[in-house]
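The residues making up each chain are set out below.
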Amino acid sequence: MHHRFPRGPQEHETILPSEAMQNNLIHTKGIAVSEGIAAGRCWFVARTLHPVNQKRTVSRRFHEREESKIRHALQIMSFVMEHAIEEVRKRADRQYVRMFVALKSMIHDPMVLKKIVDVIHAENYSAFYAVCEVFRNFRKQLEESNLSLVRERASDLIEIEEGLLDALVNPLSLVNNAAQNHTGGAGRIALIGTLTPRFVLEMRGRDIRGIIAGAGGPTSHAAILCRTLLIPCVSGVQGIHNREYGALHAALNGSTGEVVFSRTEMHEPSQYLKTHVRNHNRSHANKLPEISLFANLNLSDHATRALAAGAQGVGLYRTELEFLAAGKLLPTRQQATRYRNVVITMMGLPTTIRLLDVRRDKFLPIFETMKRPPKLDCEGADFLLSHPGMLRAQARAIANAALVGPVRILYPLIKNHSQFLQLKSIVQEGIDDVGELDIHHGIMLEFVDSCHNAGNLLKEADFCSIGTNDLIQDMFGIDRETGAKKTLRSKKQRDAFCEVLGTVAGKAHNAGKSLAICGELASDIQWISRFVEMGITEFSVDIHQIKPIIQAMKHHA
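The rules behind these values
- Residues numbered from 1 in each chain as written.
- Predicted model: local features only at pLDDT ≥ 70, side-chain atom pairs only at ≥ 80, totals over all residues.
- Heavy atoms only, no water.
- Helix = DSSP H or I, 4+ residues; strand = E, 2+ residues; numbered from the N terminus.
- Buried < 20%, exposed > 50% of the residue type's maximum accessible area, 1.4 Å probe, protein only.
- Areas by Shrake-Rupley, 256 points an atom, 1.4 Å probe, with all protein chains shown as cover.
- Axes fitted to C-alpha atoms, helices over the stretch in contact; angles between N-to-C directions.
- Left-handed = near helix turned anticlockwise from the far one by under 90°.
- Contact = heavy atoms within 4.5 Å.
- Nonpolar A, V, L, I, M, F, W, Y, C, P; charged D, E, K, R; others polar.
- Expected span 1.5 Å × (residues − 1).
- Phe/Tyr/Trp six-rings, centres within 6.5 Å; stacked < 30°, edge-to-face > 60°.
- Pairing = 2+ DSSP bridges.
- Arc of directions from axis to C-beta.
- Core = buried A, V, L, I, M, F, W, Y, C linked by side-chain atoms within 4.5 Å.
- Right-handed = clockwise from strand over helix to strand, strands pointing away.

(A) View of the overall build of the protein chain. Secondary structure summary: the protein chain contains 22 helices and 16 strands in total. Classification of the 557 residues of the protein chain by burial places 53% in the buried group. Working note: accessible area of the protein chain is about 25,400 Å², and carbon and sulfur atoms make up 48% of it.

So, in structure tokens, the structure goes:
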């Protein structure tokens, strides 16, 4: 199956003609953007800001469609700036924060949208060419000004224009995990035609050692992000638009602009670079020691708050709460809109969407208002198996969200291996015809039996999460309202609980699968330390708990 939109980055295996090589090496020079030395296999990201099958004019009946495209592009740009501001605020000087805030305010200027929409309606231009026309006039007006400060804003306009064209041509996530992992092995050097803030942010947290770009100045917002995130980068490398370096290796020096391409792997880049500096230590003093903090989401509108709090992704999106907030069963389209908003906001960061966790105390008020309500004689995974139509509808909504970025589906209250396979099969039926998707399937371990059977479950699952509240309830027969901390006051209970979790952690490690903790204990510093000793380093907590945990961990460290 194929997407209806342009696909994300592709891996290319062709190499440069042999006559371009001298001693299997190509030495070239670009613009030093972000210091540091990096080497790795080249990964050419096939995307462009140039017209690719872009119509100049459209029929009047398509004006609304083109207007929708530009509104979506502005939304993407706004998300990019929000991410950038948070990253710069955490790691860089305030002057850089002000620069990004100023650019965001220009994006939100209602005059920008109005002028583009006016051109679409007056000239019958497509959204792509309307952006080109409006920003050409903007730049012309600025360049004619006698004030140098005003003329300098032309560079900001160019960045906004490139960002909008990028979002129009590449509405999907730039980074497809499946494609990125195609070659396997160590980190790589990303090659991109134009360096943009969106691209740099989507490289964040991935196995990318450096960036080589064809265009993008050292004072651009994208360059500031590279330096903020400590990603070595060189731009202005000629011919990067026309050549495919997929089967090559590269070394770069972000302090001098030197770049070397080689047919063979370069184990020690300093042997190939004529000038070199000691590489930077890539650890940040303010980064959480040893752990990853993800957010629990109740509603899609909370995703931006999660980022602002410092979350490294979404560890648990409780989709049933969207239904409860609406007071009804949501149709597929409305579910998809909510899920897509979360995935777009996360911009490539892990987004874990839990399937409906249907329980009597939650859904009875909704079902009582329906003419033909589903039976509530079972809960959780059992309910989903007995109502496959509802499960397929949600799976299809999640699949539509996965078209704009990577998604992890979490299956709740899994009891055994057979149950998980049945649920996964129904989900697959709902998404098979949507297209090529970056979706991973994970299990939520909330029963003692499923924890003991984690080894078999992890043969099929891509990841797992432990719901400590339900697990403690199942282990000790207590009510959820009692609280996990109160239940585990005795040493005997704590030891029994830790033994179960330690067993799961060992099985997850042996299977090479990630394991996260959610529930009341995930936000307790003392318990976090216990979990880290077991080898568990991922935690999903409520948004308001993220900042206190960060502060407590710094103090604890």
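Moving on, there is more to tell.
(B) Fine view of the packing of helix H11 (residues 332-346) against helix H14 (residues 388-402). Closest axis-to-axis distance for the H11/H14 pair is 8 Å, and the angle between their directions is 40°. At the point where H11 passes H14, the crossing takes the right-handed sense. Along its contact with H11, which presents Thr 332, Gln 335, Ala 336, Tyr 339, Arg 340 and Val 343, the element H14 presents Ala 393, Gln 394, Arg 396, Ala 397, Ile 398, Asn 400 and Ala 401. A per-class count over the contact of H11 with H14 returns seven nonpolar, four polar and two charged.

(C) How the structure looks around unusual backbone geometry. Positive phi, close to 60°, is recorded for Asn 124, a residue that is not glycine. As for its placement among the helices and strands, Asn 124 is situated in the loop between helix H3 (110-123) and helix H4 (127-143). Residue Asn 124 is classed as partly exposed on the basis of its relative accessible area, which comes to 24%.

(D) Structural context of H11. The terminal C-alpha atoms of H11 lie 21 Å apart, and with 15 residues this matches the ideal 21 Å at 1.5 Å per residue to within 8%. Burial in H11 covers these residues: Gln 335, Ala 336, Tyr 339, Val 342, Val 343, Ile 344, Thr 345 and Met 346.

(E) Region of interest: the packing of aromatic side chains. Across all of its chains, the model carries eight aromatic pairs by this definition. Pairing Phe 323 with Phe 363 gives two aromatic rings, centres 6.3 Å apart and planes at 50°, and the pair type is tilted. Of this pair, Phe 323 sits in helix H10 (residues 320-326) while Phe 363 sits in helix H12 (residues 360-367), and the two are 40 residues apart along the sequence. Phe 363 shares its class with Phe 323; the two are buried. Aromatic pair Phe 497 and Trp 527: ring centres 5.8 Å apart, planes at 80°, arrangement edge-to-face. Of this pair, Phe 497 sits in helix H20 (residues 491-511) while Trp 527 sits in helix H21 (residues 525-533); the two residues are 30 residues apart in sequence, bridging distant segments of the chain. Of the two residues, Phe 497 and Trp 527, both sit in the buried class. Ring-pair connections join several aromatic residues into one group, and the members of that group are Phe 497, Trp 527, Phe 531 and Phe 539.

(F) Layout of the sheet that holds strand E13 (residues 439-445). Overall, parallel pairing links the eight strands, which are arranged E9-E10-E11-E12-E13-E14-E15-E16 in a closed barrel. Taken over all neighbouring pairs, the strand axes of this sheet differ in orientation by 25° on average, direction set aside. Across three bridges, the pairing between strand E15 (residues 514-518) and strand E16 (residues 538-542) is parallel. Within E16, the residue paired with Ala 516 across the bridge is Glu 538. Sitting on the sheet, helix H18 (residues 468-476) touches strand E14 (463-467) and E15, and the angle it makes with E14 is about 60°. In the packing of H20 onto the sheet, the strands contacted are E13, E14 and E15, and the crossing angle to E15 comes to about 150°.

(G) Main features of H12. Within H12, the full set of buried residues consists of Phe 363, Ile 366 and Phe 367. Seen end-on, H12 carries its buried residues on one side only, within an arc spanning 90°. On the buried face of H12, the contacting elements are H10 and helix H13 (380-386).

(H) Summary view of the nonpolar core. In this structure, Leu 445, Phe 497, Phe 531 and Phe 539 are the most contacted members of the largest nonpolar core, which totals 92 residues. Top contributing element to this core by residue count: H14, with eight residues. Those residues in contact with Leu 445 that lie beyond four places of it in its chain are Ser 450, Cys 451, Ala 454, Leu 457, Cys 464, Ser 465, Ile 466, Gly 467 and Val 504. Listed in part, the 60 residues of the second largest apolar core include Ile 76, Ile 120, Tyr 129 and Leu 195.

(I) Up close: the pairing of E13. Taking burial as the measure, the seven residues of E13 include six buried ones, the bulk of the element. Handedness of the crossover is the feature at issue here: the chain leaves strand E12 (residues 407-411), passes through helix H15 (residues 417-431), returns alongside E13, and the resulting connection is right-handed. Note: E13 against E14, four bridges, orientation parallel. Within the sheet, the bridge partner assigned to Gly 442 lies in E14 and is Phe 463.

(J) How the structure looks around the sheet that holds strand E6 (residues 233-235). Judged by pairing direction, the sheet is mixed, and its eight strands sit side by side in the order E1-E8-E7-E3-E4-E5-E6-E2 without closing on themselves. Across the chains shown, the open sheet's two edge strands, defined by having one partner strand only, are strand E1 (25-29) and strand E2 (31-34). For this sheet the average axis-to-axis angle between neighbouring strands, irrespective of direction, equals 30°. Pairing of E1 with strand E8 (residues 258-262) involves five bridges; the strand directions are antiparallel. Bridge pairing in E8 links Lys 29 to Glu 258. Set on the sheet, helix H8 (residues 221-228) makes contact with E2, strand E5 (208-215) and E6; between it and E2 the angle comes to about 55°.

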